[in-house]
Amino acid sequence: MQQRKSKYASGTFYKSVLLPTTALGISLVAPAIAQEAGSRTAPGRASAIEEVIVTARRKEESIQDVPISISVFNQKQLEERNIVTASDLATYTPSLSSNERFGSDNSSFAIRGFTQELRTTASVGVYFADVVAPRGGGNITGGDGAGPGAFFDLQNVQVLKGPQGTLFGRNTTGGAVLLVPQKPTHNLEGYIEASAGNYDLKRTQGILNVPFGERARARFGIDYQKRDGYFRNVSGIGPDHLGDLEYISGRASFVFDLTDSLENYTILTYTDSKNRGTVQKLIACNPAGGLGAFCAAQLATQDRDFYAVESTTPDPFSKLKQWQGINTTTWTANDDLTVKNILSYAKLESTLRTAVFGSNWFVPAAVPGVGGLPFNFANSDQVPGDPTNSQASLVEELQLQGRALDTALVWQAGLYYERSRPDGFSGSQSQNQIHCTARPGADPTTFNCQDVLRRLAFVASRGLRDPGPVGSVQRQLGEVDYENKAVYAQATYDITQRFKATSGLRYTADDSRGTSQMIAYRGFPGTTSGAPTVTACINPNATLPDCIIHLRQKSHAPTWLIDFDYLPADGMLLYAKYSRGYRQGSVNLFGADGFNTDRPEHVDAYEVGSKATFGGPVPGTLNIAAFYNELRDQQLQAGFRSSVAAVAPTTGIVNAGQSTIEGVEVETSLPLFRGFSLDVSYTYLDTRLKELQTVTAPPGSVFDVITFTADVGGPLPQSPKHKASATATYRLPLPQDTGEVSLGATYVYTAEQNTAAPSASPFATLGAYSLLNLNLTWRNIANSRVDAAVFATNVTNRQYLTFVSGLYGAGFEAATLGQPRMWGVRLRYSFGQ
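One structure accompanies this document, and this report is about it. As the structure is a computational prediction, the values presented were derived from the model and not from experiment.

Quick notes on the sheet that holds strand 49 (residues 812-817)
Ordered by their spatial adjacency, three strands build an open sheet running 21-49-48, and the pairing between neighbours is antiparallel. Strands at the two margins of the open sheet, each flanked by one partner only, are strand 21 (281-285) and strand 48 (801-804). Across the sheet, the mean angle separating the axes of adjacent strands is 35° when strand polarity is ignored. Looking at chain direction, strand 21 and strand 49 are connected through four bridges and run antiparallel. Looking at strand 49, one finds that Lys-281 is bridged to Ala-815. The strands touched by helix 3 (residues 292-301) are strand 21 and strand 49; relative to strand 21, the strand with the most contacts, the crossing angle is about 120°.

Points about the side chain of Asn-754
Within the element layout of this structure, Asn-754 appears in strand 44 (residues 753-754). At a separation of 2.6 Å, a polar atom in the side chain of Asn-754 contacts the side chain of Thr-765. In this structure, Asn-754 is in contact with Pro-715, Leu-716, Pro-717, Gln-718, Ala-764 and Thr-765, ignoring residues within four places of it in sequence.

Examining the state of the cysteines
Under the definition given, this model contains two disulfides. Between the sulfur atoms of Cys-285 and its disulfide mate Cys-295 the distance is 2.0 Å. Highlighted residues: Cys-285 in strand 21 and Cys-295 in helix 3, separated in sequence by 10 residues. On the basis of relative accessibility, which here comes to 15%, the residue Cys-285 falls in the buried class.

Describing a nonpolar patch on the surface
Residues Tyr-270, Trp-323, Leu-343, Tyr-345 and Leu-394 make up a contiguous nonpolar surface patch of about 450 Å² in total accessible area. Its location among the elements puts Leu-394 in strand 27 (residues 389-404).

Some details on the sheet that holds strand 22 (residues 308-309)
Pairing within the open sheet is mixed, and its three strands lie in the order 18-17-22. Either end of the sheet is taken by a strand with one partner, and the two such strands are strand 18 (241-242) and strand 22. Note: strand 17 (residues 231-233) against strand 18, two bridges, orientation antiparallel. For Arg-232, the partnering residue across the bridge sits in strand 18 and is His-241.

Definitions and limits used
- Residues numbered from 1 in each chain as written.
- Predicted model: local features only at pLDDT ≥ 70, side-chain atom pairs only at ≥ 80, totals over all residues.
- Heavy atoms only, no water.
- Pairing = 2+ DSSP bridges.
- Helix = DSSP H or I, 4+ residues; strand = E, 2+ residues; numbered from the N terminus.
- Axes fitted to C-alpha atoms, helices over the stretch in contact; angles between N-to-C directions.
- Contact = heavy atoms within 4.5 Å.
- Polar contact = N/O pair within 3.5 Å; in protein donor to acceptor, adjacent residues only side chain to side chain.
- Disulfide = S-S within 2.5 Å.
- Buried < 20%, exposed > 50% of the residue type's maximum accessible area, 1.4 Å probe, protein only.
- Patch = residues over 30% accessible without salt bridge, like charges linked within 9 Å, V, L, I, M, F, W, Y side chains within 5 Å.
- Areas by Shrake-Rupley, 256 points an atom, 1.4 Å probe, with all protein chains shown as cover.
- Salt bridge = Lys/Arg side-chain N within 4 Å of Asp/Glu carboxyl O.

So this is what it looks like as structure tokens:
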């Protein structure tokens, strides 16, 4: 006979389940994932284990009952693993990768090889409290993700793999990441926490939960973190260190039980992040490329320290401000009908100023007149007065959930609307200039680069000839307006007690409208500052003097899901499903001419899987999923550069590819013996670009060299064939009044992967790497309300690359570096219940 008791721990509902074993000493039991702390088990009975509740199908269910491949981390696991950024989450999650090419403020996710290329819409949706993350605006990867301060005071983080376009708002082909915040409770409680560590880490965090009678309660949280940068900038220009971290994130949540059947839940969030940003490291020069001779001197004299980089931006920074309000009203009309309305409004603004490729170059000495002068290449700067991304987003969703046919039919349906409007023009500008940052006060953002007296003094000191004003600034500004509408329905029918069928359908209409301005400035006056001359519009379809073009892309499509579940025994779920996924077409404000819009992409996804929960001498769970995807009209990033004009390289999105993505995911959780548990996950991923259409630049285009991020017959970017993670946790057998002391170790292996096409760069394939993370946690020290922890990531200080630009054909190659060893200590005091 099953013995069940409901509990509420760390904001996550679970049930403790005890079942008798079979004659073989093994029993399949109800859903569970971890051994319950402090439980006692009679001989011959399975250990008590916890059941995790997820919302992967927009309702609360046990993770073991959901026919979706899911990875879940509760807040305790996030803290023990020191997960504070998107890349941290990707480290521990099978099939999940992250791209932080533009820093942690501007991260994006990839799942199962479905990536978000530069200036495409997201392939992985990130949802906070059931609302999709605000968009960024299209200049660089920004918005659409889990930024700083997102991983505190959560019930859990759920990573859903595969198309989620039926029930979730924005259509995404790769999957979804759900951040579920802690909801206010009826208890007066909270905690204050402080952390310190290497690189002068300082972090403070506080939570206060306050009930106001029986029908109202509130929860307030704040998270502040500051850490010095681990990149040493050895250029002598700008700050000495880059890659730092500083943000503050606040959250306020309110629940009002207006009646016994009507609840109103409001969340207000605010994040303010400012740091020095990151740069890539020069790793190679190609003498055959046009820029190879320019970077040769830097490469020859480059500091051998792995984390030594060179930035030529005098005042680099990455700034992000985001606030959001979410209101969810839930009316339980009766036992068979629930009506929910979700309304959100958010504002995001980010500004990035950085030397993207870490280029500190000089004109080759053999070049007449300008040999030996500094050459400022493709730095990304702020246009004075304009941010890099700026959008305001409105989301409205009406959702109905119900049961019928004596609860044999469970259904839900809804209407969805999203509008993301620009808050004025946003963008950036890049420089290809000689003698811009070599003098004090030089500011390329205001074209203050050609001071005659200083220039003459500089060239005279080196015995050079005055070259006069030389260089260009490529300015790109624009705005994009997204509108998304959808209607959806999904239902599950119990054909028998052990056999279920699920079917879902969604119809989505998307509209993207943009205004783009791309100008090349040349012919600088020989004064301290002044207006430059507009030489040309970069897009040949635009005309002087404003160089503005208007863009629009509309797309619409149905998506669907068909799923069959079978329970051959208690605690065992088998499922098979087929789904159609869709990612909207969009506009690419700053793409190469002729590649300013892209059509939608479609994917047919097939998946079979099993979820087993077992008792006996070694209880635990074992989940396996095998999948196969066919991707058509694939939105691929193309790199455009010029061999005939001095313009910075750019990108465009083209529907040029057809791909297959297949693999297997395995996750298991095993409390092997009392106090010791082992969590293992593994992904095998085989991606292949099957077809690549021929793409040529239109007549008159200055971008005559086109490369892609993948080769025909080769893997897609950010798709390691093997990825494994193993976490062992041991709770010391100490007296209860001592507190709970646990030791944890996590080993992560990531196989080699491409971030560019091998045909474009011999450095496109990143090497495999392993990481070791450790933690020691002492909860309720001496039976008190004080907890302490020590944590360390990348303990062996492994040096590894996370991204390569693929610009070797242009004459150089630059890479993004993984984080070095990080360690810290954490102290928390909890109060209340």
